[in-house]
Amino acid sequence: MRFYACLLIFLFISVESQPAFAEIKPKQIVMKNGLTILLIEQHSLPIVSVEALIKSGSVDDPFDRAGVANLTASLLDEGTQKRSSTQIAEEIDFIGASLGASADLDYTSVNLRVLKKDIERGFDLLSDLLLNPLFDVKEMERVRRLILGSILSGKDDPTTIASLAFDNIVFGNHPYKNPVIGLEESVQKIGRDDIVSFYQNHYLPKNTLFSIVGDVTEKEAVALVKKYFSEWKNVSPKPVLARNIASPTIQPKKTELIEKDLTQTTVLIGHLGISRKNPDFYPVIVMNYILGGGGFSSRLLTHIRDNKGLVYSAYSSFDANRQPGAFEISLQTKASNTNEAISATLQEINQILKDGVTETELMEAKAYLIGSFPLRLETTGKLAGLLSKVGFHELGLAYFSDYPKYIEKVTREDILRVAKTYLRPDQMTLVVVGNLAEAKVKELP
Amino acid sequence: MIRKVEFTNGMRVVAERMSSVKSVSIGLWVNIGSRDEEAHEHGISHFLEHMFFKGTALRSAGEIAQEIDAIGGEINAFTSRENTTFYAKVLTDHLPKAVEILSDNFHHSKFDPREIEKEKQVVIEEIKMVEDDPEDLVHTLHIEDTLKGSPLGRTILGTIETLNQMNRKKIIHFLERTYDPKQIVIAVAGRFDFDTLIALLQKAFGSYQRNNTRLIPRISPAMTPQFQVKKRKLEQVHLCISTPGLAITHPQREALHLLNIILGGGVSSHLFQEVREQRGLAYSIYSSPSFYQGGGLFTIYAGTGAKNAPKVVELIFKEIRKMKEKGVAAEELKKAKEHIKGNILLSTESSSSRMSRLAKDELSFGRQFKLTEVIGRINRVTLKSVYEVANTLFHSKSISLTALGPVEAHTLPGPSNL
């Protein structure tokens, strides 16, 4: 059976041999007003995706006003000088397109996906949202109520509760500790002035990156951006763009147990991790993939889920942002199994720290990360999303052909070294949400 | 171009080539889901789906996972009320490997009793996760109440009780009585060579046989209207309101799709605009139709604060009433048509969504629809037909409501207010 399969693979390779990703070569064009365009032309389907990325996010929220970046983004499509909120919704629906804005920790993105025939209309809407938002007080109050409703509903969601507590401990005073959506008390405090000032200081062409992917030529793309965005000026009351925020530092570990009447306990374990620009980024993602990063063959999933049947899911992640994000293991388990699941998790961490990984594990992890890379870029929307992150983190236009090389270079020694550097079992913060009487959580060693 | 082949055992292959991608999505769709289970088998389709990844004569559970990961692909499965689907998405070069793994799992799974015991615990955890997620839970409770007595009303996951009774004998029995080759469609979309694909699949599945097939006839679901308030200590109230829907093959299905877009399906829909955008009463509100063989359900969900729940129900009823009395405006219908057409065209980018469409059309209609035919059917929906659908489905006597959260039943407007 296996021999036959191998034979067939060779047959296929000879028929359909082609480089999978080397041909993705973005172009970069910088407009007069400083707006940067990254472009990938793909003409096989009449679809275009655009991601406009403003290089400011919730990390730039004023100190006691967590949620400003998010509220600003949420108000972009709630009325402009040309269109009411309802008109915007109707126009988007009418062309069957999608257009939405959302803030993240480091940046804000506005995403547009349209059929080629509707591209003029799409750009018209996009520029209206970015250039002419009204920030009407009535709309602001309504959206604020919705956001508060959503924050409140998060209090019924164990994962949200746990993340809030975890980030609060791990990030100390750094703004990454706040959820992008904001906190109940901070969202109450936000005034229209905060929104307008955030908009004026950050929504500037020189602070913006457009990723355009799909059925559009360079000439067309440049013409569209000229037509709809050349009036956009770099004028702001305060010349400060990004605040200089010191990187988060390692905080003292802490255990926080939160009582909630639930059948499952939600567990988060971890500490501060790495930034996207960390030179060890690639060995770290390979290590994390093997530890618990995904796929059904990660150590956490095989040992805790498959061998012990303790959990339905168990994942580890390094959230690599502009500044160091969290290293976090998250799992959900039956209350009475909580301690066993936690100690099994710690055992996996200690194991990888002590012995590193095997040659087979490394080979398989690389094969997965490299092999799945083109699959992650298959739609124009996904590609535009990644392209704008490449631009934001300044990973270089050769990123798409370089990525497999970076992964390929990782060795077992690298993995052992990064495990020892970035996994700190003695500094683990632990958050447990659930029925504590039943879970009887023990402090971490 | 879409091509179809039927093997001598009755299994069908439908395949569509796409020049825009370098990968291929392949799905083995078994026309068997939770509605095809006997009461004592409740949850077995989903459990079986899990067990197909737990080891074969050739590979252990771990080796299956490793081999899949090693080709950088995605192989997984899901179970619905009517289907069990095993699918893979891989680079074209890896298609033979993907087919080989899918076929090894399909033909040679061991269903080892020790693995069964372990997997029971995993699925029980999955059930409990639903119980802890109020939005998921209200949908589950709602459909259980509303379709009480119909196998469609049962949860896909089963209950802790029925799971505890799973064993190898039951699994084999279920497999033998339901996994008939005639119930299986293999759908493929992406970059591949058609003849090579068919040869590969013919070898892997062409001689598969079953001799003890015994399917339970799928009876049209009968709705039992309910008005249930489940008081829970939650921050928010989660509401489900539903009316009967239409069968998947119903000639007016497009009209219901369009009605849904206008009532609660998009950001410019009546419910979204009226309840969320104009009044800010619910952070989330949407409607969606479920189409099954023989009948369906049309459901509206809203998540709202405790004190706003009565008002939200009142507004939902009001919008339904308006639609029954006046139908929809010509301009609205035109926009909804553009919306659906745009969505359909945009979805052609993804090989997995094309693969699903191929399979669903084959399973429900026994044929494929060209894009132009689908667009034509949407274009032909009239104002009258949307009006008719609203008046056929929306009745005070057939409306069902489930509320979960800190709310008192007597504060909510009853169905007679519709």
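### Regarding the overall build of chain B
Consideration 1: Assigned secondary structure in chain B consists of 15 helices and eleven strands.
Consideration 2: By the compact-globule yardstick of 22 Å for 418 residues, chain B fits well, its C-alpha radius of gyration being 23 Å.
Consideration 3: Counting only C-alpha atoms and orienting by the principal axes, one finds that chain B spans roughly 60 × 50 × 35 Å.
Consideration 4: When each of the 418 residues of chain B is scored for burial, the buried share is 62%.
Consideration 5: Across chain B, contacts joining residues at least 24 apart in sequence account for 82% of those joining residues at least 6 apart.
Consideration 6: For chain B, the accessible surface area stands at approximately 15,700 Å², while carbon and sulfur atoms represent 51% of it.
Consideration 7: The centroid of the 55 positive side-chain charges in chain B is displaced by 5 Å from the centroid of its 49 negative side-chain charges.

### Points about the pairing of strand 4 (residues 98–103) of chain A
Each regular strand displays side chains that alternate between the two surfaces of the sheet.
Residue and element names in this part refer to chain A.
Consideration 1: In this sheet, strand 5 (residues 108–115) lies alongside strand 4 in antiparallel orientation, the contact comprising six bridges. From the neighbouring strand, Leu 99 faces strand 5, where its bridge partner is Leu 112.
Consideration 2: Adjacent in sequence and paired antiparallel, strand 4 and strand 5 are bridged by four residues.

### Here's the deal with the confidence of the model for chain B
Consideration 1: Predicted confidence across chain B gives a mean pLDDT of 94, with 100% of residues reaching 70 or more.
Consideration 2: Here the complex is predicted with pTM 0.86, and the ipTM for its interfaces comes to 0.79.

### Notes on the packing of aromatic side chains
Consideration 1: All chains considered together, the criterion is met by 29 aromatic pairs over all chains.
Consideration 2: Residues A:Tyr399 and A:Phe400 carry aromatic rings whose centres are separated by 5.6 Å and whose planes lie at 85 degrees to one another, so their mutual orientation is edge-to-face.
Consideration 3: Relative accessible area serves as the criterion here: at 5%, A:Tyr399 is assigned to the buried category.
Consideration 4: Take A:Phe400: its relative accessible area is 0%, and that puts it in the buried class.
Consideration 5: Counting every residue linked through ring pairs, the aromatic cluster contains B:Phe52, B:Phe53, B:Phe86, B:Phe106, B:Phe111, B:Tyr179, B:Phe205 and B:Tyr208.
Consideration 6: For A:Arg276, the ring lying beneath its charged end belongs to A:Phe281, and the centroid distance is 3.6 Å.

### With respect to the domain arrangement of chain A
All names here are of chain A.
Consideration 1: Domain annotation for chain A reports domain 1 (23–229) and domain 2 (255–439).
Consideration 2: Centre-to-centre, using C-alpha coordinates, domain 1 lies 28 Å away from domain 2.
Consideration 3: With 37 residues of domain 1 in contact, the opposing surface of domain 2 contributes 36 residues.
Consideration 4: With both sides pooled, the region where domain 1 packs onto domain 2 buries about 3,000 Å², and carbon together with sulfur makes up 71% of that total.
Consideration 5: Remark: the boundary between domain 1 and domain 2 carries one salt bridge.
Consideration 6: Here Glu 51 ties to Lys 389 by a salt bridge, and the two come within 2.6 Å at their closest N and O atoms.

### Observations regarding the interface of chain B and chain A
Consideration 1: In this assembly, 75 residues from chain B lie in contact with 69 residues from chain A.
Consideration 2: Here chain B and chain A share an interface that buries about 6,400 Å² over both sides, 58% of which is from carbon and sulfur atoms.
Consideration 3: Contact with chain A buries area across many residues of chain B, yet B:Asp132, B:Leu346 and B:Glu349 alone supply 11% of it, more than any other trio.
Consideration 4: Connecting chain B to chain A are four salt bridges.
Consideration 5: Residue A:Arg142 pairs with B:Glu277 through a salt bridge whose shortest N-O separation is 3.4 Å.
Consideration 6: Taken together, the connections running from chain B to chain A amount to 21 residue pairs in polar contact (both at pLDDT 80 or more).
Consideration 7: Across the side of chain B that touches chain A, the residue classes break down as 21 nonpolar, 25 polar and 29 charged.

### Quick notes on empty space enclosed by the protein
Residue and element names in this part refer to chain A.
Consideration 1: Tallied over the full model, the rule gives three cavities of 30 Å³ or more.
Consideration 2: Among the residues forming the lining of the largest cavity, the class breakdown is six nonpolar, one polar and no charged.
Consideration 3: In this structure, the second largest cavity spans a volume of roughly 40 Å³.
Consideration 4: Lining the second largest cavity, in full, are Ile 169, Val 170, Ile 250, Gln 251, Pro 252, His 271, Leu 272, Gln 427 and Thr 429.
Consideration 5: Those elements giving two or more residues to the lining of the second largest cavity turn out to be helix 6 (158–170) and strand 8 (264–272).
Consideration 6: Tallied by class, the residues present in the lining of the second largest cavity amount to five nonpolar, four polar and no charged.

### Focus: the domain arrangement of chain B
All names here are of chain B.
Consideration 1: On domain assignment, one finds that chain B holds domain 1 (2–205) and domain 2 (227–411).
Consideration 2: Between the C-alpha centres of domain 1 and domain 2 there is a distance of 28 Å.
Consideration 3: Domain 1 puts 38 residues into the contact, and the matching count from domain 2 is 34 residues.
Consideration 4: When domain 1 packs against domain 2, the two sides together hide about 3,000 Å² of surface, and 66% of this comes from carbon and sulfur.
Consideration 5: Ranking the residues of domain 1 by area buried against domain 2 places Trp 29, Val 138 and His 142 at the top, with a combined share of 19%.

### Brief notes about helix 7 (residues 168–178) of chain B
Residues and elements named next belong to chain B.
Consideration 1: Within the sequence span of helix 7, burial applies to Lys 170, Ile 171, Phe 174, Leu 175, Arg 177 and Thr 178.
Consideration 2: The secondary structure elements touched by the buried residues of helix 7 are helix 1 (44–51) and helix 4 (113–131).
Consideration 3: Two or three places before Lys 169, at the start of helix 7, stands the capping residue Asn 167, its side-chain oxygen 3.2 Å from that residue's backbone nitrogen.

### A few points about the pairing of strand 2 (residues 36–41) of chain A
Residues and elements named next belong to chain A.
Consideration 1: With respect to burial, strand 2 is a largely interior element, five of its six residues being buried.
Consideration 2: As defined by bridge partners, strand 1 (residues 27–30) adjoins strand 2 across four bridges and the pair is classed as antiparallel. Along strand 2, the bridge assignment pairs Gln 28 with Leu 38.
Consideration 3: Between the antiparallel neighbours strand 1 and strand 2 lie five residues, among them Gly 34 with a positive phi of about 95 degrees.
Consideration 4: In this structure, strand 2 lies alongside strand 6 (residues 208–214), joined through six bridges in parallel fashion.

Thresholds applied
- Residues numbered from 1 in each chain as written.
- Chains lettered and ligands numbered in written order.
- Predicted model: local features only at pLDDT ≥ 70, side-chain atom pairs only at ≥ 80, totals over all residues.
- Heavy atoms only, no water.
- Helix = DSSP H or I, 4+ residues; strand = E, 2+ residues; numbered from the N terminus.
- Rg over C-alpha atoms; globule rule 2.2 N^0.38 Å.
- Buried < 20%, exposed > 50% of the residue type's maximum accessible area, 1.4 Å probe, protein only.
- Contact = heavy atoms within 4.5 Å.
- Areas by Shrake-Rupley, 256 points an atom, 1.4 Å probe, with all protein chains shown as cover.
- Lys, Arg positive; Asp, Glu negative; His and termini not counted.
- Charge placed at Lys NZ, Arg CZ, Asp CG, Glu CD.
- Pairing = 2+ DSSP bridges.
- pLDDT = per-residue confidence, 0-100.
- Phe/Tyr/Trp six-rings, centres within 6.5 Å; stacked < 30°, edge-to-face > 60°.
- Lys NZ or Arg CZ within 6 Å of the ring centre and 35° of its normal.
- Domains from an automatic or database assignment.
- Buried area = accessible area lost by both parts, 1.4 Å probe.
- Salt bridge = Lys/Arg side-chain N within 4 Å of Asp/Glu carboxyl O.
- Polar contact = N/O pair within 3.5 Å; in protein donor to acceptor, adjacent residues only side chain to side chain.
- Nonpolar A, V, L, I, M, F, W, Y, C, P; charged D, E, K, R; others polar.
- 1 Å grid on protein atoms, 1.4 Å probe; cavity = no way out; pocket = protein on both sides within 12 Å on 5 of 7 lines; lining within 4 Å.
- Points joined across faces, edges and corners; volume = space filled by probe spheres on them.

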